[in-house]
Amino acid sequence: MSDAQRTLGLASRRFYRVAEWIARVPWPWLQVRLSRRWGRVGSPFVADLAQVQDACAQAFAVPPAQAHTMAQQWLASQGLFATSIFGYHRMGPDWVRRHVRVHQPEALAQLRQSGGLVLSYHTHHHNTLGIVLGQSGVPTWGVAATEKASPMAPYTGRFMRIINGQSEAKFGGGKYLFTDEPRNLLRGLRLAFASRHGVVSICDNPTPSADQPAVRFMGRSFHVGVGVVETALEHQVPITLALLYPDLLGGYRLLLKRLPDGLGAHQVVQSYFDFLATAVRHSPWAWQGWHWHHGLPLAPA
C-alpha cells in the first residue's frame, strides 16, 4: 500500500466514524446541518477540492466564486451520504414515500412491471438507489466492484459492509453482482432479466479505450465500458436511466427516463450522459465524477 492510499484510508475511516456519531443526533434538522458541515470539512475528497472547483468552472462556464459554491455542495452531499448509511436499516416503503420525490412516476411504474437495466451514476448515494427501488416495489440487483480487492478494506471494511450488506437487504429480491466474478455476474444478469427484475449498473467511469466511439459530456470526450449495456441489448430488456441525489435539505430526488427500444450501445451511453448533463445543470452536486472530469480530454470542436 502506498503512502497516498494509507492517508486516504485513514481519512476515510475517520470520516465514517464521525458520521456514525452524527447519525445518532435525534433531531433530523440538526443531523442534516451537521452532515453537510462534516462533508465540507471532513470528507476525504477535501483534498480534491481544487480539482472539483476547476471542473465546475470549466463545465458550467462560471466564475471561481460560483464554482467554489458548487464544490462545497458536492462535499456536503458526501457528508449526507456518510450519515445516511447508518439509517439504511430504517429505510422502508414509508421512508421512501416521505423522503424521495420521484419526478417521473410513470417510469417507476414501468420498472415495477418489466424490470430491465437501470443505468445510474456515481452520486455518493448510488447504493441508496437500490434501496429506493427495492422498497418501491422493484426487485433490484446491483452490479458493483467488490470491497475485497480494495486497498481501503483494512480501514473502511466495516463501513463498506454496512453500505453493501444493509443496502442489499433492502433490494426486495435481488443481490449485488460483483464485477470480479464474471461468471456469476453473467449468470446473475440472465436470471434478473428473465425474472423482470431491475439491474442497477453504473458506466460513467472513463476507460482508456473501447470498441465504441467516445461519448461527449460537458465539454469532454472519453470512452466508457459498455459490457452490461451490450448484455441488456442482447436480452432485449428495457433500459431506464436513474439518478438519485439529495436535495441537501434532508430529502432526495429521483430522476428517471425510459429509453426507447432499438438503440445501439453507443446511442444508449450518449443518451445516458445527455440525461446527466441536463440534471447537473440544475443540481451540480448530483454527480460524484467532477473530481475526475477535469482530467478528461477536451471534446473536439
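Quick note: structure is the one above.
The notes below deal with the structure included here. Note that the structure is predicted; figures quoted are calculated from it, not measured.

### Examining the overall build of the protein chain
Counting its secondary structure elements, the protein chain contains 12 helices and 10 strands. Over its C-alpha trace the protein chain gives a radius of gyration of 18 Å, about what one expects of a compact globule, namely 19 Å for 301 residues. Seen through its C-alpha atoms, the protein chain measures out along the principal axes to roughly 50 × 45 × 40 Å. Sorting the 301 residues of the protein chain into buried and exposed places 53% on the buried side. Here the analysis covers contacts within the protein chain between residues at least 6 apart in sequence; of these, 77% occur between residues at least 24 apart. Carbon and sulfur atoms make up 53% of the accessible area of the protein chain, which amounts to about 13800 Å² in all.

### A look at the packing of aromatic side chains
In this structure the tally under the stated criterion is 18 aromatic pairs. Centre to centre, the rings of Tyr176 and Phe178 are 6.2 Å apart; their planes meet at 25 degrees, and the pair counts as stacked. In this structure Tyr176 comes out as buried when scored by relative accessible area, which is 8%. Seen in terms of ring centroids, Trp287 and Trp290 are 5.1 Å apart; in terms of plane orientation they differ by 80 degrees. Their pairing is edge-to-face. What makes Trp290 buried here is its relative accessible area of 0%.

### A look at the sheet that holds strand 6 (residues 206-207)
Read from one edge to the other, the open sheet built from 3 strands follows the order 6-8-7, with strand pairing classed as antiparallel. Of all the strands in the sheet, the pair left with one neighbour each is strand 6 and strand 7 (215-217). In the sheet, strand 6 pairs with strand 8 (residues 220-224) via 2 bridges, with the strands oriented antiparallel. Bridge assignment links Thr207 to a residue of strand 8, and that residue is His223. Set on the sheet, helix 11 (residues 265-282) makes contact with strand 7 and strand 8; between it and strand 7 the angle comes to about 5 degrees.

Definitions and cut-offs
- Residues numbered from 1 in each chain as written.
- Predicted model: local features only at pLDDT ≥ 70, side-chain atom pairs only at ≥ 80, totals over all residues.
- Heavy atoms only, no water.
- Helix = DSSP H or I, 4+ residues; strand = E, 2+ residues; numbered from the N terminus.
- Rg over C-alpha atoms; globule rule 2.2 N^0.38 Å.
- Buried < 20%, exposed > 50% of the residue type's maximum accessible area, 1.4 Å probe, protein only.
- Contact = heavy atoms within 4.5 Å.
- Areas by Shrake-Rupley, 256 points an atom, 1.4 Å probe, with all protein chains shown as cover.
- Phe/Tyr/Trp six-rings, centres within 6.5 Å; stacked < 30°, edge-to-face > 60°.
- Pairing = 2+ DSSP bridges.
- Axes fitted to C-alpha atoms, helices over the stretch in contact; angles between N-to-C directions.

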